[in-house]
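Remarks on the overall topology
In case you want the letters, here they are:
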Amino acid sequence: MMPLKLSELGDLPAAVDLMTAARALGFGRTKAYELARLGIFPCSVIKVGDTYRVPTAGLLHLLGVDLPLARHNAL
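Residues numbered from 1 in each chain as written. Predicted model: local features only at pLDDT ≥ 70, side-chain atom pairs only at ≥ 80, totals over all residues. Heavy atoms only, no water.

Let us now look at the overall build of the chain. Across its full length, the chain holds five helices and three strands. Ordered by position in the sequence, the α and β elements of the chain form the string α-β-α-α-β-β-α-α. Per-residue burial over the chain gives 31% buried out of 75 residues. For the chain, long-range pairs separated by at least 24 residues make up 42% of all intrachain contacts whose partners lie at least 6 apart in sequence. A total accessible area of about 4800 Å² is found for the chain, and carbon and sulfur atoms account for 58% of it. (Helix = DSSP H or I, 4+ residues; strand = E, 2+ residues; numbered from the N terminus. Buried < 20%, exposed > 50% of the residue type's maximum accessible area, 1.4 Å probe, protein only. Contact = heavy atoms within 4.5 Å. Areas by Shrake-Rupley, 256 points an atom, 1.4 Å probe, with all protein chains shown as cover.)

The tally for this structure, following the rule as stated, stands at one salt bridge. The partner of K31 in a salt bridge is E34, with the nearest N and O atoms 3.6 Å apart. Taken together, the residues span about one helical turn, with K31 and E34 both in helix α3 (residues 29-38) at a distance of three residues. For K31, a relative accessible area of 40% corresponds to the partly exposed category. (Salt bridge = Lys/Arg side-chain N within 4 Å of Asp/Glu carboxyl O.)

See below:
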């Protein structure tokens, strides 16, 4: 699975699935689910039923990408 490019970050919705967040951080599936299950994923994770969602704002903050800049780059 290819990591997300900086140009792709501005196109992300308000929350992404765990695998999209893992791609942005360079993690594989197994590591992402392990960290989420243990409650130590590097940014906020919301569990909805059996699904993990990651708020994009927290992910971008962790990556050092300013949210308005990310939205500007998407235009």
